[in-house]
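# Structural overview for review
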Amino acid sequence: MGRKVLVLGEVRDGAIRHVSFEAIAAGKVIAEGGEVIGVLFGESVNNLAGEMVAYGADRVLTVENEKLKNYSSDGFTQAMTAVIDQESPEGIVLGHTAQGKDLAPRLASKLDSGLVSDAVDVNNENGNILFTRPIYSGKAFEKKMITDGLVLATIRPNNVPALAKDESRAGDVQPIEVDIKDLRTVIKEIVRKTAGGVDLSEAKVIVAGGRGVKSADGFKVLEELAELLGGAVGASRGACDADYCDYSLQIGQTGKVVTPDLYIACGISGAIQHLAGMSNSKILVAINKDPEANIFKVADYGIIGDLFEVLPLFIEEIKRELVKA
Amino acid sequence: MNIYVVMKRTFDTEEKIVIKNGVIEEGDAKYIINPYDEYAIEEAILLKEKHDGEITVVTVGGEDAEKELRTALAMGADKAFLLNTEDDLEDGDEYTTAKVLAHFFKKNEFDIILAGNVAIDGGSGQVGPRLAELLDISYVTTITKMEIDGQKVTIERDVEGDVEVIETSLPILVTAQQGLNEPRYPSLPGIMKAKKKPLEELELDDLDLDKEDVEAKSKVVEIYLPPKKEAGKVLEGEVQDQVKELVNLLKTDAKVI
């Protein structure tokens with residue numbers, strides 16, 4: 001038995017995003033021994049298919065078309081519809097990314113199916129596929145299942161562990177021709193505001209600054225630490241409102257929701273607004289001058305002190321560790 | 001221009017969440033218009049100021065949602081519809097809401113539908129794109145800027161921090177992202193006027209729907225609070241020593257670096 005499950009691999013800057021490998025792992029749970037099929041859309045993606053196999057896909061379908069170079073709801077829906085017509089899947093998994101959030105509800109509607117959005121876990125409990133997802137901005141959780149139609153889900157990055165990469169796995173790669181036409185929305189331009197490097201929503205380490213960073217210049221020391229740890233820089237709403245950094249860095253209820261292994265909050269008071277975006281981080285470190293700051297109530301480790309005094313010492317210490325290693 | 005806003009009454013997530021008998025207890029919790037829907041309402045008002053027309057706000061819910069609809073009218077919407085499913089449905093999901101709305105829109109002419117990109121309670125962000133698909137119109141999610149010139153629509157949307165500039169045309173459904181505008185507060189004269197603005201209530205029957213047509217496709221089997229986090233460890237001593245201890249803890253205890 002088992003289900004046939006499609007997993008859409010998301011391509012960004014010529015590489016598959018890690019959340020897509022996590023989606024394959026989720027797809028395995030949903031498939032219950034059935035087949036997990038990777039799906040890739042883009043201008044030139046055939047060469048990426050092997051990686052989906054290495055992360056557990058049984059085979060991969062690709063649609064190469066210049067009109068799929070950038071994501072559009074119409075283009076990707078047409079390509080996905082062609083794949084669905086060919087395969088008649090019983091489940092589909094996407095990342096809960098800008099793309100997945102935009103596309104999955106439309107597919108669900110088209111297929112007359114339920115959809116679980118933003119799942120952080122998926123389990124088979126007595127034959128039922130149960131998804132865990134945060135509600136009320138992470139203040140509560142629900143377990144949810146699909147009762148009718150395909151098992152459709154988007155999964156939040158950094159939560160479902162990907163399977164170990166195994167280059168020795170083999171799987172068929174089948175290119176499909178799809179005629180993409182009548183795109184009703186046309187992308188004129190993409191303005192990159194996010195600095196190259198580590199994607200905030202997928203970062204394993206985030207160094208975040210709040211009002212206590214005091215200026216745009218003040219963020220430099222955070223950037224240095226983030227780079228050293230192979231992480232990304234984030235910010236609270238307060239820091240964005242004060243123009244210390246771009247809104248693309250904002251973490252919180254409005255802004256990005258992140259689940260890194262290590263979150264270092266610098267000069268962040270810990271307003272509910274902010275906690276909603278990062279409270280599920282695995283380890284939270286707080287550095288703040290104010291011993292009464294709310295952030296210390298949720299932090300695993302706290303240092304009461306001036307971040308401009310603490311961070312340079314922190315950086316020195318990490319450098320020493322790196323030399324040792 | 002026929003401008004519609006789809007909105008939702010939500011639990012203010014700044015409130016403490018209490019679970020009793022497997023459901024979130026409402027108690028005296030404060031309810032608000034979903035903040036992202038407020039951006040949609042404000043954008044509708046700005047569109048009307050520029051292009052003339054009429055703003056209709058629509059919500060799916062129960063009797064209680066009248067209060068939030070009146071707030072939207074006080075901000076500047078012209079009329080409101082409450083698609084009241086309270087008596088007909090026990091549980092609905094995003095499929096249910098989108099389908100009820102689709103039947104409403106099949107009976108009403110519109111040029112643009114605005115909504116929030118996600119509601120802060122359920123947090124699934126499905127209803128906008130689902131509705132657009134059911135109405136067979138295009139949609140753009142998480143918009144931060146919009147200009148309309150005749151039928152032509154130019155939009156900027158937020159894509160995880162990057163900006164996409166998109167050209168499309170009416171009719172369209174858009175979902176609002178933070179940064180689109182700064183929602184106004186209802187003025188006192190606005191609140192007075194809102195009391196006399198039309199607010200119509202429709203049930204499934206009025207929309208030619210049966211209970212079976214909108215039956216949920218998913219169900220919640222459990223709701224629970226996250227495990228309470230142990231109070232953390234605030235380090236002590238000289239700053240230099242604290243930093244050393246921290247790096248050591250991160251390395252050996254937490255194993256994150």
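Because the structure is a prediction, the values reported are computed rather than measured.

## Things to note about the sheet that holds strand E1 (residues 5–9) of chain A
Residue and element names in this part refer to chain A. Strand order in the open sheet formed by seven strands is E7-E11-E6-E1-E4-E5-E12, with parallel pairing between adjacent strands. Edge positions in the sheet fall to strand E7 (116–119) and strand E12 (173–175), since each has one partner strand and no second. The average undirected angle you get between the axes of adjacent strands in this sheet is 25°. With five bridges connecting them, strand E6 (residues 91–95) and strand E11 (residues 151–155) associate as parallel partners. Within E11, the residue paired with Gly91 across the bridge is Val151. Against the sheet, helix H3 (residues 73–87) touches E1, strand E4 (36–42), strand E5 (59–64), E6 and E12, its axis set at about 150° to E4.

## With respect to the side chain of Lys144(A)
Along the chain, the position of Lys144(A) falls in strand E10 (residues 140–146). A distance of 3.5 Å separates polar atoms of two side chains, one belonging to Lys144(A) and the other to Glu94(B). Beyond its immediate chain neighbours, meaning those up to four positions away, Lys144(A) contacts Val116(A), Ile129(A), Leu130(A), Phe131(A), Arg133(A), Glu94(B), Ser218(B), Lys219(B), Val220(B) and Val221(B).

## A closer look at the nonpolar core
Soluble globular proteins tend to pack their nonpolar side chains together in the buried interior. The biggest cluster of nonpolar side chains holds 41 residues, and the ones touching the most others in it are Ile112(B), Leu114(B), Met146(B) and Val174(B). With seven residues, the top contributor of residues to this core is helix H1 (residues 35–51) of chain B. The residues touching Leu114(B), leaving out its near neighbours within four places in the chain, are Ile3(B), Tyr4(B), Val5(B), Val6(B), Ala40(B), Glu43(B), Ala44(B), Leu47(B), Met146(B) and Val174(B). By size, the runner-up hydrophobic cluster in this structure holds 38 residues, among which are Tyr244(A), Leu307(A), Leu235(B) and Leu249(B).

## Some words on the pattern of salt bridges
For side chains bearing opposite charge, pairing can occur when the charged atoms are close. Scanning the entire structure with this criterion turns up 48 salt bridges over all chains. Between Glu224(A) and Lys319(A) there is a salt bridge, with its nearest N and O atoms 3.6 Å apart. Of this pair, Glu224(A) sits in helix H5 (residues 219–228) while Lys319(A) sits in helix H9 (residues 307–324), and the two are 95 residues apart along the sequence. We classify Glu224(A) as partly exposed; its relative accessible area is 38%. With relative accessibility at 34%, the residue Lys319(A) sits in the partly exposed group. If you follow the salt bridges from partner to partner, you end up with Asp74(A), Arg106(A), Lys110(A), Arg184(A), Glu133(B) and Asp136(B) in one network.

## Looking at helix H3 (residues 94–105) of chain B
All names here are of chain B. Here H3 is twelve residues long and its end C-alpha atoms lie 16 Å apart, about the 16 Å a rise of 1.5 Å per residue gives. Buried residues dominate H3, accounting for nine of its twelve residues. Those residues of H3 that fall on the buried side of the exposure criterion are Glu94, Tyr95, Thr96, Ala98, Val100, Leu101, Ala102, Phe104 and Phe105. With a side-chain oxygen positioned 3.1 Å from the backbone nitrogen of Tyr95, the residue opening H3 is Asp93.

## Structural notes on the side chain of Gln177(B)
Note that Gln177(B) resides in the loop between strand E12 (172–176) and helix H5 (188–194). Each residue touching Gln177(B), except ones within four places of it in the same chain, is listed here: Tyr36(B), Tyr39(B), Asn117(B), Thr142(B), Ile143(B), Thr144(B) and Asp158(B).

## Things to note about the environment of Gly212(A)
All names here are of chain A. Tracing the chain through its elements places Gly212 in the loop between strand E14 (205–209) and H5. Separated by 94 residues in sequence, Gly212 and Asp306 have C-alpha atoms that sit 8.8 Å apart. When sequence neighbours within four positions are dropped, the list of residues in contact with Gly212 reads Gly267, Leu307 and Phe308.

## Comments concerning unusual backbone geometry
Here the bond from Leu170(B) into Pro171(B) is cis, since omega is -5°, no more than 30 degrees from zero. With respect to the helices and strands, the residue Pro171(B) is situated in the loop between strand E11 (162–169) and E12. With a phi angle near 70°, Asn158(A) is a residue other than glycine that sits in the positive phi range. Positive phi, close to 50°, is recorded for Asp182(A), a residue that is not glycine. Inspection of the secondary structure assignment puts Asp182(A) in the loop between E12 and strand E13 (186–191).

## With respect to the interface of chain B and chain A
It is common to give the size of an interface as the accessible area lost on bringing the parts into contact. Taken together, the contact pairs 70 residues of chain B with 84 residues of chain A. For the pair chain B and chain A, the summed buried surface comes to about 6,800 Å²; carbon and sulfur atoms form 55% of the total. The interface formed by chain B and chain A contains eleven salt bridges. Looking at the side of chain B that touches chain A, the element that brings in the most residues is helix H6 (residues 239–253) of chain B, giving eleven residues. Taken together, the residues that form the side of chain B that touches chain A break down as 34 nonpolar, 15 polar and 21 charged.

## Considering the domain arrangement of chain A
All names here are of chain A. When its domains are assigned, chain A resolves into domain 1 (4–175) and domain 2 (200–324). Each of domain 1 and domain 2 has a C-alpha centre, and these two points are 31 Å apart. On the domain 2 side, the residues contacting the nine residues of domain 1 number eleven residues. Of the roughly 960 Å² buried between domain 1 and domain 2, counting both surfaces, carbon and sulfur atoms make up 33%. For the domain 1 face of the interface with domain 2, the top three residues by lost area are Ser137, Arg156 and Asn158, together amounting to 56%.

How each quantity is defined
- Residues numbered from 1 in each chain as written.
- Chains lettered and ligands numbered in written order.
- Predicted model: local features only at pLDDT ≥ 70, side-chain atom pairs only at ≥ 80, totals over all residues.
- Heavy atoms only, no water.
- Pairing = 2+ DSSP bridges.
- Helix = DSSP H or I, 4+ residues; strand = E, 2+ residues; numbered from the N terminus.
- Axes fitted to C-alpha atoms, helices over the stretch in contact; angles between N-to-C directions.
- Contact = heavy atoms within 4.5 Å.
- Polar contact = N/O pair within 3.5 Å; in protein donor to acceptor, adjacent residues only side chain to side chain.
- Core = buried A, V, L, I, M, F, W, Y, C linked by side-chain atoms within 4.5 Å.
- Buried < 20%, exposed > 50% of the residue type's maximum accessible area, 1.4 Å probe, protein only.
- Salt bridge = Lys/Arg side-chain N within 4 Å of Asp/Glu carboxyl O.
- Expected span 1.5 Å × (residues − 1).
- Buried area = accessible area lost by both parts, 1.4 Å probe.
- Nonpolar A, V, L, I, M, F, W, Y, C, P; charged D, E, K, R; others polar.
- Domains from an automatic or database assignment.

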